[in-house]
Amino acid sequence: MPELGVNIDHVATVRQARRTNEPDPVWAAALAELGGADAITIHLREDRRHIQDRDLTILKETVAAKLNLEMACDAEVVDVACRVRPQQATLVPERREEVTTEGGLDILGRQDRVREVIDRLQHSGIVVSLFLDPDLAQIETAADLGADAVELHTGQFALAAVGRDQEDQLKILRRTGAKVLACGMALHAGHGLTYRNVKQVAAIEGMHELNIGHSIIARAIMVGLTEAVREMKRLVSG
């Protein structure tokens, strides 16, 4: 049964729109846990556009579930992660001009830097996951670099038209997911997953963790965060 990681970045996005103290992502994390979240996911971006250092520090002290920190291989952010020590760090690509993460981290051309970051995080007792496109070469390189897990980027699956196109993308996820497991890493997935499409990804053999943010927070506006997480948890659990 896959675990559900709830990304609460968008709660902080609303707060930062007014540069005030509400809504508080720390409170949101508590409500998500009440709804059954197995992990709380946040992205500490270089430009601090939503989650702030203060949020990470307090969440590390208050979250009972696993705290998963999405982060770029930026030296300052790596320093913060090693100081706070969330249970898991997921290395992602990052561009200042993007609205959200637009693709997987390309590790083929920057293996030395990624290995350095992985080693430092693991030395601090942090489990390291890499957010990668479902590409076999990327998966093999992740294993060579010593990653603990791979989170498959499900964006192309989410964008595919229902029917043959979506099934083709699902086959790619299944094939690369099997490779992740064969390489001895944990299998995670995320990006663009919704209440309509999550069950197919959750059913992939060996799926351990799904990280979902936008769809849950969007639904929470209508039904409340605790209920929104409960509904997604039921879908993920089959």
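Residues numbered from 1 in each chain as written. Predicted model: local features only at pLDDT ≥ 70, side-chain atom pairs only at ≥ 80, totals over all residues. Heavy atoms only, no water.

> Before we move on, can you summarise a nonpolar patch on the surface with the specific residues and values?
Taken together, the side chains of Ile221, Met222 and Val223 present a nonpolar region at the surface, about 350 Å² in accessible area. Checked against the element boundaries, Met222 lands in helix α10 (residues 214-223). What makes Met222 exposed here is its relative accessible area of 70%. (Patch = residues over 30% accessible without salt bridge, like charges linked within 9 Å, V, L, I, M, F, W, Y side chains within 5 Å. Areas by Shrake-Rupley, 256 points an atom, 1.4 Å probe, with all protein chains shown as cover. Salt bridge = Lys/Arg side-chain N within 4 Å of Asp/Glu carboxyl O. Helix = DSSP H or I, 4+ residues; strand = E, 2+ residues; numbered from the N terminus. Buried < 20%, exposed > 50% of the residue type's maximum accessible area, 1.4 Å probe, protein only.)

> Tell me about the state of the cysteines, and please be specific about residues and values.
For the structure shown, the criterion picks out zero disulfides. Distance from the sulfur of Cys82, which forms no disulfide, to the nearest cysteine sulfur (Cys73) is 12 Å. A residue is classified by how much of its surface remains accessible, and Cys82, at 11% relative accessible area, is buried. (Disulfide = S-S within 2.5 Å.)

> Summarise the side chain of Ser215; cite the residues concerned and give the values.
With respect to the helices, strands and loops of the structure, Ser215 is situated in helix α10. With residues up to four places along the chain from it excluded, the contact list for Ser215 reads Leu193, Thr194 and Tyr195. (Contact = heavy atoms within 4.5 Å.)

> Let's hear about the pairing of strand β5 (residues 127-132): which residues, and what values?
Burial analysis of β5 places five of its six residues in the buried class, the great majority of the element. Bridging between strand β4 (residues 88-91) and β5 involves four bridges; their strand directions are parallel. The residue of β5 that forms the bridge with Gln88 is Val127. Note on the crossover from β5 through helix α6 (residues 136-145) to strand β6 (residues 149-153): the handedness is right-handed. (Pairing = 2+ DSSP bridges. Right-handed = clockwise from strand over helix to strand, strands pointing away.)

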